[in-house]
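Residue-level structure breakdown
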Amino acid sequence: MRKLSNDTKDTFNSLVHSFLNKNAISGVQPKTIAILKDKEKIDTKEYIIKTWGDEYQDLALNEYFCLKTVEKAGVKTANIQLSKNNKFLIVEKFTMTSDGKFLGFEEILSLVNKNKESKYDGSYEQIAKIIYQYTTNKKESMIAFYKTVVMNYLLKNGDAHLKNFGLLYDDDFKTIFYSPVYDIVNTVVYVYKDKPALMLGGKKVWWAKETLVEFGQKSCLLSKSQALGLYDECFEALKWGINTLENYLQENPSFKIGKMMLDSWRLSLDEITIKEMGDDTIRTWREY
């Protein structure tokens with residue numbers, strides 16, 4: 001796939017004119033679908049190309065580091081690539097198998113019979129029930145979902161709503177499984193008082209380890225030792241993400257959002273919630 005290298009605005013406007021009229025995608029992040037052909041493999045794949053506006057600075061770069069950290073935790077994510085100038089995130093759609101067969105995709109939102117206006121009305125316990133009810137590889141799907149929830153809390157993604165979880169299935173419904181993870185960003189760097197999108201334990205708060213492990217036991221059918229072990233894998237992935245982002249910032253100090261992401265991720269290492277940050281941390285963020 002050829003990398004994008006033009007200026008952000010001009011390149012995205014070109015893409016919009018080419019694709020958006022027939023491939024519009026909802027959401028706050030500017031995005032469109034491109035169909036690109038691999039000349040060597042002689043196949044065609046669809047990609048979602050994302051950038052950002054002034055309101056959410058460096059959002060695509062934010063998502064790149066978040067998804068790579070989730071991937072490090074052992075959770076399958078959408079295949080992603082940054083453009084050469086780091087201004088675009090190219091996301092390969094995951095509804096086509098390696099042998100060219102198409103898979104069906106269903107958002108959890110539709111499986112709980114809600115519309116997009118209600119995407120923030122629900123709980124992670126509710127999603128767990130849906131995944132267990134429909135998937136054919138229940139254990140694998142429940143583990144992947146549990147890790148996704150843990151990573152959303154550690155990475156401080158306050159936008160993990162009902163549209164951002166889904167299931168994939170084949171044409172005869174014999175295989176139904178938890179989809180690769182997508183659309184994970186650190187949201188507190190834009191809204192410092194942001195909260196989780198859905199309830200867990202009856203509240204929208206940034207729960208720490210004890211509550212998340214309990215969630216794994218009660219809702220994801222894990223033993224305590226399993227939930228603890230999986231949580232620890234996510235915690236180690238967070239450490240990797242912090243180290244990776246630190247290295248990137250050494251060569252790219254202008255990535256101010258990245259510095260703010262590091263602050264919130266380090267607080268996750270200490271299991272300090274956003275509520276407990278205090279005005280000093282918030283003041284420091286604003287100085288960026």
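Residues numbered from 1 in each chain as written. Predicted model: local features only at pLDDT ≥ 70, side-chain atom pairs only at ≥ 80, totals over all residues. Heavy atoms only, no water.

Moving on to helix 2 (residues 59-72). Compared with an ideal rise of 1.5 Å per residue, which puts 14 residues at 20 Å, helix 2 spans 20 Å between its outermost C-alpha atoms and is within 8% of the ideal. Taken as a whole, helix 2 has its buried residues at L59, A60, L61, N62, E63, F65, C66, L67, T69 and V70. Positive phi appears at G74, one or two residues downstream of helix 2, with a value of about 95°. (Helix = DSSP H or I, 4+ residues; strand = E, 2+ residues; numbered from the N terminus. Expected span 1.5 Å × (residues − 1). Buried < 20%, exposed > 50% of the residue type's maximum accessible area, 1.4 Å probe, protein only.)

A general feature of soluble globular proteins is that nonpolar side chains tend to end up buried together. Ranked by internal contacts, the top residues of the largest apolar core, which has 75 residues, are Y124, F145 and Y146. Top contributing element to this core by residue count: helix 7 (residues 224-251), with 11 residues. Once you skip the residues sitting within four places of it in the chain, Y146 turns out to touch L212, V213, F215, G216, C220, L222, A227, L230 and Y231. (Core = buried A, V, L, I, M, F, W, Y, C linked by side-chain atoms within 4.5 Å. Contact = heavy atoms within 4.5 Å.)

A word on the environment of K119. In this fold, K119 is placed in the loop between helix 3 (108-111) and helix 4 (124-134). Each C-alpha atom, one on K119 and one on L162, is 5.0 Å from the other, the two residues being 43 residues apart in sequence.

Looking at the chain, the pLDDT average stands at 83 and 79% of residues meet or exceed 70. Note on residues 1-28: pLDDT under 50 across the span, and 49 contacts to partners over four residues away in sequence or across chains. Here residues 30-43 is modelled with pLDDT under 50, and outside its nearest four sequence neighbours on either side it reaches 46 contacts, counting other chains as well. (pLDDT = per-residue confidence, 0-100.)

So, about the pattern of salt bridges. Where side chains of opposite charge bring their charged atoms close, a pairing between them can arise. Taken as a whole, this structure holds 10 salt bridges when the rule is applied. As a salt-bridge pair, D183 and K50 come within 2.4 Å of each other at their nearest N and O atoms. Taken as a pair, D183 in the loop between strand 7 (176-178) and helix 6 (209-219) and K50 in strand 2 (residues 43-50) lie far apart in primary sequence, 133 residues in all. Among the residues examined, D183 registers a relative accessible area of 26% and is labelled partly exposed. Of the charged contacts, one joins D232 and K209 as a salt bridge, the two residues approaching to 3.5 Å between their closest N and O atoms. With D232 in helix 7 and K209 in helix 6, the pair connects residues that are 23 residues apart, well separated along the chain. Residue K209 is classed as partly exposed on the basis of its relative accessible area, which comes to 27%. One network of salt bridges, with partners in common, ties together K50, E63 and D183. (Salt bridge = Lys/Arg side-chain N within 4 Å of Asp/Glu carboxyl O.)

The next thing to look at is the environment of Y190. Here Y190 shows up in the loop between strand 7 and helix 6. In this structure, the C-alpha to C-alpha distance between Y190 and Y56, residues 134 residues apart in sequence, is 6.7 Å. Ignoring any residue separated from it by four or fewer positions in sequence, one finds Y190 in contact with E55, Y56, Q57, D58, L59, N62 and I257.

In this section: the packing of aromatic side chains. The tally for this structure, following the rule as stated, stands at 17 aromatic pairs. Ring geometry for F94 against F105: centres 5.7 Å apart, planes inclined by 70°, an arrangement best described as edge-to-face. With F94 in the loop between strand 4 (89-92) and strand 5 (104-107) and F105 in strand 5, this residue pair connects regions lying 11 residues apart in the sequence. Cation over ring: K138 sits above Y132, and NZ or CZ is 4.8 Å from the ring centre. (Phe/Tyr/Trp six-rings, centres within 6.5 Å; stacked < 30°, edge-to-face > 60°. Lys NZ or Arg CZ within 6 Å of the ring centre and 35° of its normal.)

Now for unusual backbone geometry. With a phi angle near 55°, D58 is a residue other than glycine that sits in the positive phi range. You can see D58 is positioned in the loop between strand 2 and helix 2. For N86, which is not glycine, the phi torsion reads 65° and is therefore positive. Among the structural elements, N86 can be located in the loop between strand 3 (80-82) and strand 4.

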